[in-house]
Amino acid sequence: MSEPKHVPAILQEHRRVRYLKIIALFKILKGVLLFGLGFSILFLNSRPAWLDQISDWADDQLLLHHSKAVTFLLNKLQEALSGGTLRATGILALFSCGVLFTEGIGVYMQKRWAEFLMIFATGALIPLEVRHVWHRLIFHQPVLVPALILLANCFIVWFLYMVLRRVKPEPHCAPKRELVGTC
């Protein structure tokens, strides 16, 4: 079955599958990074001996007794580590990791439900990313990486919308029973 001529090249069958797999691998890679972040936050938070070793190393390397500003910043970091903020961040990272793995594996296997999930999950974050880029522009901070991530996510939502709009699911019908012994 050939594709109609008015279909954009990016939506043709072989290219569409290739782009879906690239998007899926991108989401899985983001999930792996979030898994590493969430696991390390939760694991290091439960190991005070490791944090003490890191603190001792920082004391030796940064010469803390000479810098009140660094001491102040490290005290603020210690307050954040002792509170529940860091633990909540680790749990949220692991939850997001699970969503990204679900999206990525489902889209890689070309499941329609995963494409819907990816559209909604990625589209829900776009306003937050726009706000992030806007604030970085206001405060004259580098915006290249956040802008590239925003553009990648906008492309993903647009592409999956076009794929879902283009490809209609086949209706599930019961097979017709043939009449036996009729002439």
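Residues numbered from 1 in each chain as written. Predicted model: local features only at pLDDT ≥ 70, side-chain atom pairs only at ≥ 80, totals over all residues. Heavy atoms only, no water.

Novice: What is the right way to look at the overall build of the protein in this model?
Specialist: Each helix and strand counted, the protein has 6 helices and 0 strands in total. Counting from the amino terminus, the protein carries its helices and strands in the arrangement α-α-α-α-α-α. When each of the 183 residues of the protein is scored for burial, the buried share is 23%. Accessible area of the protein: about 13,700 Å², with a carbon and sulfur share of 68%. (Helix = DSSP H or I, 4+ residues; strand = E, 2+ residues; numbered from the N terminus. Buried < 20%, exposed > 50% of the residue type's maximum accessible area, 1.4 Å probe, protein only. Areas by Shrake-Rupley, 256 points an atom, 1.4 Å probe, with all protein chains shown as cover.)

Novice: Sorry if this is basic, but what is going on with the nonpolar core here?
Specialist: Generally speaking, soluble globular proteins have nonpolar side chains that are buried together. Core analysis: the largest hydrophobic core is formed by 20 residues, its most contacted members being Leu11, Val107, Met118, Phe159 and Leu160. Secondary-structure elements contributing two or more residues to this core are α1 (13-45), α5 (112-138) and α6 (144-166). Ranked by residue count, the leading element in this core is α6, at 8 residues. Here leucine 11 is in contact with Arg16, Phe159, Met162 and Val163, once residues within four sequence places are set aside. (Core = buried A, V, L, I, M, F, W, Y, C linked by side-chain atoms within 4.5 Å. Contact = heavy atoms within 4.5 Å.)

Novice: So what exactly am I meant to see when it comes to the packing of aromatic side chains here?
Specialist: The geometry of an aromatic ring pair is captured by two quantities: the separation of the ring centres and the angle between the planes. Throughout the structure, instances matching the rule amount to 5 aromatic pairs. Summarising the aromatic geometry, the rings of phenylalanine 35 and phenylalanine 39 are spaced 5.8 Å apart at their centres and angled 15° between planes, so their arrangement reads as stacked. Linking phenylalanine 35 with phenylalanine 39, this pair stays in helix α1, spanning 4 residues, or about one helical turn. Relative to tryptophan 158, the ring of phenylalanine 155 has its centre 6.0 Å away and its plane inclined at 40°; by these criteria the two rings are tilted. (Phe/Tyr/Trp six-rings, centres within 6.5 Å; stacked < 30°, edge-to-face > 60°.)

Novice: In this structure, what is going on with the packing of helix α4 (residues 85-108) against α5? I would like to understand it.
Specialist: When two helices pack together, their arrangement is captured by the angle between the axes and the distance separating the axes. For the pair α4 and α5, interaxial distance at closest approach is 8 Å and the crossing angle is 140°. Taken as axis vectors, α4 and α5 run oblique relative to one another. The chirality of how α4 crosses α5 is left-handed. In this structure, α4 uses Val99, Thr102, Glu103, Gly104, Gly106 and Val107 to contact α5, whose residues at the interface are Trp113, Ala114, Glu115, Leu117, Met118, Ala121 and Thr122. Of the residues in the contact of α4 with α5, the class split is 7 nonpolar, 4 polar and 2 charged. (Axes fitted to C-alpha atoms, helices over the stretch in contact; angles between N-to-C directions. Parallel < 35°, antiparallel > 145°, perpendicular 65-115°, else oblique. Left-handed = near helix turned anticlockwise from the far one by under 90°. Nonpolar A, V, L, I, M, F, W, Y, C, P; charged D, E, K, R; others polar.)

Novice: What am I meant to see in the pattern of salt bridges here?
Specialist: A side chain with one charge may pair with a side chain of the opposite charge, provided their charged atoms come close. Under the definition given, this model contains 2 salt bridges. A salt bridge links glutamate 13 to arginine 16, with the shortest nitrogen-to-oxygen separation between them at 2.2 Å. Of this pair, glutamate 13 and arginine 16 both sit in helix α1, separated by 3 residues, roughly a single helical turn. Judged by relative accessible area, which is 8%, arginine 16 ranks as buried. (Salt bridge = Lys/Arg side-chain N within 4 Å of Asp/Glu carboxyl O.)

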